[in-house]
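# Breakdown of the fold
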Amino acid sequence: MPGSRPGATPLDDLRQKIRPAPQERLARMVDINEERTAQILRKWAAQEAAV
């Protein structure tokens, strides 16, 4: 199938198409709870710095 990823099923392709972009997901998280999102991002940044 053109445009498909190797080993991906049609359901995987559909999920990829309807999944919001990372920026949209982050914006939604901030809209829901800005302080909690900030805590999560600080935790992720600290984990990346430790690696």
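As a reminder, the structure under discussion sits directly above these lines.
In short, a report on the structure. (Residues numbered from 1 in each chain as written. Predicted model: local features only at pLDDT ≥ 70, side-chain atom pairs only at ≥ 80, totals over all residues. Heavy atoms only, no water.)

### Digging into the overall build of the chain
Where we set the bar: Secondary structure elements follow DSSP: runs of H or I of four or more residues count as helices, runs of E of two or more count as strands, with numbering from the N terminus. Only protein chains enter the area calculation, which uses a 1.4 Å probe; residues under 20% of their type maximum are buried, those over 50% are exposed, and those in between are partly exposed.
When you go through the chain residue by residue, the secondary structure sums to three helices and zero strands. Sequence-ordered secondary structure for the chain, helices as α and strands as β, is α-α-α. The proportion of buried residues among the 51 residues of the chain is 6%.

### As for the packing of helix H2 (residues 22-32) against helix H3 (residues 34-50)
Where we set the bar: A fitted line through C-alpha atoms represents every axis, and for helices the fit uses only the stretch in contact; the resulting angles, taken between N-to-C directions, go from 0 to 180 degrees. Geometric relationships in this document are graded by angle, where less than 35 degrees denotes roughly parallel, more than 145 denotes roughly antiparallel, 65 to 115 denotes roughly perpendicular, and other angles denote oblique. Note on definitions: a residue-residue contact is assigned when non-hydrogen atoms from the two residues lie within 4.5 Å. In this classification, the charged set is Asp, Glu, Lys and Arg, the nonpolar set is Ala, Val, Leu, Ile, Met, Phe, Trp, Tyr, Cys and Pro, and all remaining amino acids, among them Gly, are polar.
Taken N-terminus to C-terminus, the directions of H2 and H3 make an angle of 130°; their axes are 5 Å apart at the nearest point. Judged by the inter-axis angle, H2 sits oblique to H3. Facing Leu26, Met29, Val30 and Ile32 of H2, the residues of H3 in contact are Glu34, Thr37, Ile40 and Leu41. Counted by class, the contact of H2 with H3 contains six nonpolar, one polar and one charged residues.

### Brief notes about the side chain of Thr37
Note the threshold: A 3.5 Å cut-off defines polar contacts: any pair of N or O atoms within that distance qualifies, except that in protein one atom must be a possible hydrogen donor and the other a possible acceptor, and neighbouring residues in sequence count only when both atoms are side-chain atoms.
Within the secondary structure, Thr37 is located in helix H3. At a separation of 3.0 Å, a polar atom in the side chain of Thr37 contacts the main-chain carbonyl oxygen of Met29. Apart from the residues within four sequence positions on either side, Thr37 is in contact with Leu26, Met29 and Val30.

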